[in-house]
Amino acid sequence: MAQIVASKLSASTQRSGGQTSIHPPVNMPPQQVRLECTYKMEPDRKFPTKRAEDTIRDVLEAELESEKYDADKCPGLCKQLADAIKARVKLIGSPRYKIVSVVTIGSADKGTLSCVSQCVWNEKFDTYAHYAYNNNSLYAVGMVYGIYQE
């Protein structure tokens with residue numbers, strides 16, 4: 001964001017030297033900073049998909065290694081894992097990217113899963129990372145979307 005400093009100054013002309021001097025008013029409040037959009041249409045660097053995928057893998061393997069599937073516990077666990085993944089991916093440092101994290105957990109003995117997601121995005125800059133984890137009791141799919149904010 002571009003930074004603009006707004007202040008009120010009074011100008012006075014001194015006749016002796018023909019110079020113009022600018023003096024701030026006596027009771028001037030502190031300067032206020034106003035930010036404006038830069039309308040930056042391209043990122044400085046692309047979203048680090050591989051690092052995000054490694055982060056998803058690290059979180060899912062660490063947290064789910066000894067977990068057993070419990071249908072009552074899974075909704076809270078999904079939220080906790082998604083929040084942890086999002087926080088760690090944000091630490092990677094992808095300025096101007098909106099991070100969306102989704103985790104799905106299911107029972108390993110209940111069959112198959114098909115996931116579909118749709119989004120309007122710019123194929124040039126927006127991307128995603130995913131990782132699927134399995135143990136004897138459950139499976140988990142973690143997805144992170146990196147969506148560039150112009």
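Structure first, text after, so check above.
The structure presented is a predicted model; accordingly, all values stated were derived computationally and were not measured.

Student: So what exactly am I meant to see when it comes to the pattern of salt bridges here?
Tutor: Pairing of side chains with opposite charge becomes possible as their charged atoms draw close. Here the structure, examined in full by the defined rule, presents 7 salt bridges. Between Glu67 and Lys73 there is a salt bridge, with its nearest N and O atoms 3.1 Å apart. Judged by its relative accessible area of 18%, Glu67 is buried.

Student: Just to check I follow, could you spell out the side chain of Asn135 for this structure?
Tutor: Tracing the chain through its elements places Asn135 in the loop between strand E6 (127–134) and strand E7 (138–148). Judged by its relative accessible area of 17%, Asn135 falls in the buried class. A polar atom in the side chain of Asn135 sits 3.0 Å from the backbone oxygen of Leu64. Side-chain polar atoms of Asn135 contact the backbone oxygen of Glu67, separated by 3.2 Å.

Student: Sorry, what's going on with the pairing of E6 here?
Tutor: Side chains on a regular strand alternate between the two faces of the sheet. By the bridge criterion, 8 bridges tie E6 to E7 in an arrangement that is antiparallel. Across the sheet, the residue bridging to Ala129 is Val144, located in E7. Hairpin connection of E6 to E7: 3 residues between the antiparallel strands.

Student: What exactly am I supposed to notice about the sheet that holds E7 here?
Tutor: Consider a sheet: its strands pair through backbone hydrogen bonds, and that pairing is either parallel or antiparallel. Read from one edge of the open sheet, 3 strands run E5-E7-E6, paired in antiparallel fashion. The sheet is open, and its two edges are formed by strand E5 (97–107) and E6, each paired on a single side. Neighbour-to-neighbour, the strand axes of this sheet turn through a mean angle of 10°, independent of strand direction. Of the strand pairs in this sheet, E5 and E7 are connected by 11 bridges, and their pairing is antiparallel. Looking across to E7, one finds that Thr104 is bridged to Val141. Against the sheet, helix H1 (residues 49–64) engages E5, E6 and E7, with an angle of about 25° to E6. Lying over the sheet, helix H2 (residues 74–92) contacts E5 and E7, oriented at roughly 150° with respect to E5.

Student: Can you help me understand the packing of H1 against H2 in this one?
Tutor: When two helices pack together, you describe them by how their axes are tilted relative to each other and by the distance separating the axes. At a minimum axis separation of 9 Å, H1 and H2 run at an interaxial angle of 145°. Every pair of crossing elements has a handedness; the one defined by H1 and H2 is right-handed. Mapping the contact onto sequence places Arg51, Ala52, Thr55, Ile56, Asp58, Val59, Leu60, Glu63 and Leu64 in H1 and Leu77, Gln80, Leu81, Ala84, Ile85, Arg88, Val89 and Ile92 in H2.

Student: I keep staring at the nonpolar core and nothing clicks. Help me out?
Tutor: Side chains of nonpolar character tend, in soluble globular proteins, to be buried together. The biggest cluster of nonpolar side chains holds 26 residues, and the ones touching the most others in it are Leu60, Leu64, Leu81, Ile85, Val89, Val103 and Ile105. Mapped onto this core, the elements with two or more residues apiece are H1, H2, E5, E6 and E7. Looking at this core element by element, the count peaks at 8 residues for H2. In this structure Val103 touches Leu60, Cys78, Leu81, Ala82, Ile85, Val141 and Gly142, once residues within four positions along its chain are discounted.

Calculation criteria
Residues numbered from 1 in each chain as written. Predicted model: local features only at pLDDT ≥ 70, side-chain atom pairs only at ≥ 80, totals over all residues. Heavy atoms only, no water. Salt bridge = Lys/Arg side-chain N within 4 Å of Asp/Glu carboxyl O. Buried < 20%, exposed > 50% of the residue type's maximum accessible area, 1.4 Å probe, protein only. Helix = DSSP H or I, 4+ residues; strand = E, 2+ residues; numbered from the N terminus. Polar contact = N/O pair within 3.5 Å; in protein donor to acceptor, adjacent residues only side chain to side chain. Pairing = 2+ DSSP bridges. Axes fitted to C-alpha atoms, helices over the stretch in contact; angles between N-to-C directions. Contact = heavy atoms within 4.5 Å. Left-handed = near helix turned anticlockwise from the far one by under 90°. Core = buried A, V, L, I, M, F, W, Y, C linked by side-chain atoms within 4.5 Å.

Coordinates in, geometry out; function isn't part of it.
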